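Structural overview for review
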Amino acid sequence: MINLKGEVVGVNMAIASRTGSYAGVGFAIPSAIARFVSGSLIDQGRVERGWLGVGIQDLTADLANSFGFSGSKGVLISDVLDAGPAAKAGMKSGDIVLEYDGRVAEDANDLRNAVAETPSNKRVRVRIFRDGDEKTVVVSVGKMADEPDEPDTGETEENELGISVQTLTPEKAAELGQGGTVGALITKVTPGSVASIAAIQAGDVVVAVGDERVKSAAEFNAAMEKQDLQRGVRLLISRQGSTRFVILRMQK
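Examining the overall build of the protein
Across its full length, the protein carries seven helices and 16 strands. Out of the 252 residues belonging to the protein, those deemed buried represent 39%. As presented, the protein carries roughly 14,400 Å² of accessible surface, and 49% of it is formed by carbon and sulfur atoms.

Examining the layout of surface pockets
In this approach the atoms are scanned with a rolling probe the size of a water molecule, which exposes any empty space left behind. The volume enclosed by the second largest pocket comes to roughly 390 Å³. Along the walls of the second largest pocket sit 16 residues, with Phe67, Ser93, Gly94, Asp211 and Arg234 positioned nearest its centre. Of all the secondary structure elements, the ones that give two or more residues to the lining of the second largest pocket are β8 (123-130) and β15 (233-239). Residue classes in the lining of the second largest pocket are distributed as five nonpolar, four polar and seven charged.

What to know about the pattern of salt bridges
For the coordinates displayed, the defined rule picks out 11 salt bridges. For lysine 172, the salt bridge goes to glutamate 175, with nearest N and O atoms at 3.2 Å. In this pair, lysine 172 and glutamate 175 both sit in helix α5 (residues 170-175), three residues apart, roughly one turn of the helix. A residue is classified by how much of its surface remains accessible, and glutamate 175, at 59% relative accessible area, is exposed.

Points about the side chain of aspartate 79
Within the element layout of this structure, aspartate 79 appears in strand β5 (residues 75-80). Notably, aspartate 79 is buried but unbridged: the nearest opposite-charge side chain belongs to arginine 213, and the N-O separation is 4.9 Å.

Regarding the pairing of β5
Across the six residues of β5, six count as buried, placing the element largely inside the fold. Of the strand pairs in this sheet, strand β4 (residues 54-58) and β5 are connected by five bridges, and their pairing is antiparallel. Each residue of the ladder has a partner; that of isoleucine 56, found in β5, is isoleucine 77. Sheet topology note: the β5/strand β6 (residues 96-100) ladder contains two bridges and is antiparallel. Among the inter-strand pairings, valine 75 is bridged to a residue of β6, identified as valine 97.

Points about a nonpolar patch on the surface
Residues Val11, Met13, Val25, Phe27 and Ile29 make up a contiguous nonpolar surface patch of about 440 Å² in total accessible area. Within the residue set of the nonpolar patch, elements represented by two or more residues are β1 (10-15) and β2 (26-30). Structurally, valine 11 can be placed in strand β1.

Examining the environment of isoleucine 163
With respect to the helices and strands, isoleucine 163 occurs in strand β11 (residues 163-167). Expressed as a C-alpha distance, the spacing of isoleucine 163 and alanine 202, which sit 39 residues apart in the sequence, is 8.4 Å.

Comments concerning the confidence of the model for the protein
Residues of the protein with pLDDT of at least 70 account for 87%, and the chain-wide mean is 85. For the protein, per-element mean pLDDT is lowest for helix α1 (residues 31-44), which scores 69, and highest for β6, which scores 97. Every residue in residues 146-153 is under pLDDT 50, and counting partners more than four places away or in other chains gives 12 contacts.

Observations concerning the side chain of aspartate 110
With respect to the helices and strands, aspartate 110 occurs in helix α4 (residues 108-116). With near-sequence residues (within four places) excluded, aspartate 110 lies in contact with Arg103, Val104 and Ala105.

What counts as what
Residues numbered from 1 in each chain as written. Predicted model: local features only at pLDDT ≥ 70, side-chain atom pairs only at ≥ 80, totals over all residues. Heavy atoms only, no water. Helix = DSSP H or I, 4+ residues; strand = E, 2+ residues; numbered from the N terminus. Buried < 20%, exposed > 50% of the residue type's maximum accessible area, 1.4 Å probe, protein only. Areas by Shrake-Rupley, 256 points an atom, 1.4 Å probe, with all protein chains shown as cover. 1 Å grid on protein atoms, 1.4 Å probe; cavity = no way out; pocket = protein on both sides within 12 Å on 5 of 7 lines; lining within 4 Å. Points joined across faces, edges and corners; volume = space filled by probe spheres on them. Nonpolar A, V, L, I, M, F, W, Y, C, P; charged D, E, K, R; others polar. Salt bridge = Lys/Arg side-chain N within 4 Å of Asp/Glu carboxyl O. Lys, Arg positive; Asp, Glu negative; His and termini not counted. Pairing = 2+ DSSP bridges. Patch = residues over 30% accessible without salt bridge, like charges linked within 9 Å, V, L, I, M, F, W, Y side chains within 5 Å. pLDDT = per-residue confidence, 0-100. Contact = heavy atoms within 4.5 Å.

Set out below in structure tokens:
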């Protein structure tokens, strides 16, 4: 794929078609990524990608407001793996990445690509927002590899958000591909409820309510009682080992 100046800007890889014929819509790999991959293959015989050991997501206005952040650009850290590069640098779930290695973090995809293109063992400066303040941490980037992945289990009654939960057991966690996860397992989501509209599903696990980590159905219920659902509640949801923040708000 070339632009009007004759410069290569991408490598065509797919078309959108229901018949097999080209209908004018195509998809391409950006040239910067193609250059990185080809260079890695030539120099090393394989593609090595940088790794921070975090889960990330785009920052919405509601999520930004819930963390007391007034900016419009940034990437939200939803999870930090124990013993990963980010954890060693002191990064935490709920941090908002503003800059990575001198580059503004526009969105999750932009940050993901920037990290992937970083050589392993390189020390980079990451500017973050946390608890009303900005700070800079230095992270020694790792190499992408295969990531590692309480008794009362009584199911609770459906709450105002339209979900029922029970304590997640180690056996159930393994069955759901959530080995090592601790929290309240969502067992039922009422169609048309606030939770359903937010794309929460049965099998998801609530690991935090607001700033409070929860390890059981009882702790989930206790944490929910402290929340003002009219203003909105922030949940940290785990699904098949990946986490994301969700804001749920009851309509007035």
